[in-house]
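# Observations on the model geometry
The lines below spell out each chain.
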Amino acid sequence: MTEAEAFQPEIHEQPRMPGSEDEMSDKPNWRPRYPGSGRLKDKVALVTGGDSGIGRAVAALFAREGADIAIVYLAEEERKDAEHTMSIIEGEGRKGLCLQGDLGCRSFADEAVARTVKEFGRLDILANIAGEQHPDEHVTDITEEQLRRTFQTNIYSMFFLVQAARPHLSRGSAIINCSSVTMYKGADNLLDYSATKGAITAFTRSLSENLVGEGIRVNGVAPGPIWTPLNPYGGQSPEEMDDFGRSTPMGRPGEPNEVAPAFLFLACDDSSYMSGQVLHPNGGSIIGS
Ligand code: NAD
Ligand code: MG
């Protein structure tokens, strides 16, 4: 049996977003795959969307590498995902701070940064990972409300957070923004979402030009299909989920812990000569730049 054939995700049909990792029967793999080496020793990171999926794996890896971490997430009925991520951070011997709210609102983005700095005394890394997506067959199906919502969550939030964080960032700080392969390949049923991801890549490049002289590096990560709550909980249609990840050259979805190392590389000094770039953990799709 090939790896692709072995992967049989159980499809959930609850169009409730954000989705719950706790409720997924096939658990995404967030576990760091190697011992820590102090790459982020005593740094402070703000990881949005850190409750679940890619954000959880990033929080776990950053904690293993020595960072204290504030995670931001949108309301869940129960706080199981966020609490689990907090326990992962604390299990690595680091401190965690859990912040719940809507990053599409400037006031909450300001508060998230202020509370992080108050708790930990500094901010070194901003990992902008929170996002939402809603599939639509026709361009005419996209409601104005959804359009505004998706742009608010996915790209306005990055402007708000970067503006709030800027006074606290100094030489050696890093900003990493989560884009998507849909920005590079196009996605016929994710027009609004992929447009926000295009904006994120352009923002990443322009912000890099803006901040590089101050020694603050800005890069992005554009994952392919990754096994997280995002797609099975309404981010894709059930029909699309049947083949999730199979059209990649590797023929399978990625796991969050196959994406987190890209964020770590861009957050630490290993990437000290890189800014304005995007890394592509996407199962082998060749997409240009
Ligand atoms: P996820 O659902 O586990 O994580 C997204 C998190 O963002 C949610 O848990 C939620 O708490 C948070 N969030 C959503 N809206 C928010 C808001 N308004 N304010 C604050 N927090 C909010 O799914 P994921 O797949 O890990 O998604 C993380 C990022 O990865 C997203 O930006 C997504 O677009 C991107 N991405 C995912 C895939 C994939 O296939 N899973 C592919 C490419 C890019
Ligand atoms: Mg979540």
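Everything here concerns the structure above.
All values derive from a computational prediction rather than experimental measurement. (Residues numbered from 1 in each chain as written. Chains lettered and ligands numbered in written order. Predicted model: local features only at pLDDT ≥ 70, side-chain atom pairs only at ≥ 80, totals over all residues. Heavy atoms only, no water.)

## Description of the overall build of the protein chain
Across its full length, the protein chain holds ten helices and seven strands. The C-alpha radius of gyration of the protein chain comes to 18 Å, within 12% of the 19 Å expected for a compact globule of 289 residues. Seen through its C-alpha atoms, the protein chain measures out along the principal axes to roughly 45 × 40 × 40 Å. Look at the contacts in the protein chain between residues 6 or more apart in sequence, and 77% of them connect residues 24 or more apart. Side chains of the protein chain carry 27 positive and 42 negative charges; the gap between the two charge centres is 10 Å. (Helix = DSSP H or I, 4+ residues; strand = E, 2+ residues; numbered from the N terminus. Rg over C-alpha atoms; globule rule 2.2 N^0.38 Å. Contact = heavy atoms within 4.5 Å. Lys, Arg positive; Asp, Glu negative; His and termini not counted. Charge placed at Lys NZ, Arg CZ, Asp CG, Glu CD.)

## Quick notes on the coordination of the magnesium ion (ligand 2)
Here the magnesium ion (ligand 2) is held by the protein donor atoms Asp-51 (OD) and Ser-52 (OG), which lie 2.2 Å from it. Taken individually, Asp-51 and Ser-52 each receive the classification buried, so the pair is uniform in this respect. (Donors = N, O, S within 2.8 Å, 3.2 Å for Na, K, Ca; no water. Buried < 20%, exposed > 50% of the residue type's maximum accessible area, 1.4 Å probe, protein only.)

## Examining the environment of Ser-179
Within the element layout of this structure, Ser-179 appears in the loop between β5 (174–178) and α6 (181–185). Residues Ser-179 and Ser-52, spaced 127 residues apart in sequence, show a C-alpha to C-alpha distance of 17 Å. Among all residues touching Ser-179, those that are not within four sequence positions of it are Tyr-184, Lys-197, Ile-200, Thr-201, Val-221, Ala-222 and Pro-223. At 3.2 Å, the side chain of Ser-179 forms a polar contact with the backbone oxygen of Lys-197. Of note is the side chain of Ser-179, whose polar atom sits 2.9 Å from the side chain of Thr-201. (Polar contact = N/O pair within 3.5 Å; in protein donor to acceptor, adjacent residues only side chain to side chain.)

## A short note on the sheet that holds strand β2 (residues 68–73)
In sheet architecture, strand pairing relies on hydrogen bonds along the backbone and comes in two forms, parallel and antiparallel. The strand order β3-β2-β1-β4-β5-β6-β7 describes an open sheet built from seven strands, whose pairing is parallel. This sheet does not close on itself; its edge strands, each paired only once, are β3 (96–100) and β7 (278–279). Of the pairings in the sheet, the one linking strand β1 (residues 44–48) to β2 comprises five bridges and is parallel in character. Within β2, the residue paired with Val-44 across the bridge is Asp-68. Its contacts with the sheet place helix α5 (residues 144–165) against β1, β4 (125–128) and β5, and it is angled at close to 175° to β4. Contacts between helix α7 (residues 191–211) and the sheet are confined to β5, β6 (217–221) and β7, with β5 contributing the most and set at about 165° to the helix. (Pairing = 2+ DSSP bridges. Axes fitted to C-alpha atoms, helices over the stretch in contact; angles between N-to-C directions.)

## A short note on the packing of aromatic side chains
Under the criterion given, the structure shown has three aromatic pairs. With 6.3 Å between their ring centres and 80° between their planes, Tyr-156 and Phe-160 make a pair best called edge-to-face. Placement of both Tyr-156 and Phe-160 in helix α5 is noted, with a separation of four residues, approximately one turn of the helix. (Phe/Tyr/Trp six-rings, centres within 6.5 Å; stacked < 30°, edge-to-face > 60°.)

## Some words on the packing of α5 against α7
Packed helix pairs are characterised by how far apart their axes lie and by the angle those axes make with each other. Packing of α5 against α7 leaves a shortest axis separation of 9 Å and a crossing angle of 15°. If you check the angle between α5 and α7, you find them roughly parallel. α5 and α7 meet at a crossing whose hand is right-handed. On α7, the residues touching Gln-146, Leu-147, Thr-150, Phe-151, Asn-154, Ile-155, Met-158, Phe-159 and Val-162 of α5 are Asp-192, Tyr-193, Ala-195, Thr-196, Lys-197, Ala-199, Ile-200, Phe-203 and Leu-207. For the contact of α5 with α7, a count of residues per class yields twelve nonpolar, four polar and two charged. (Parallel < 35°, antiparallel > 145°, perpendicular 65-115°, else oblique. Left-handed = near helix turned anticlockwise from the far one by under 90°. Nonpolar A, V, L, I, M, F, W, Y, C, P; charged D, E, K, R; others polar.)

Just geometry here; none of it tells us what the structure is for.
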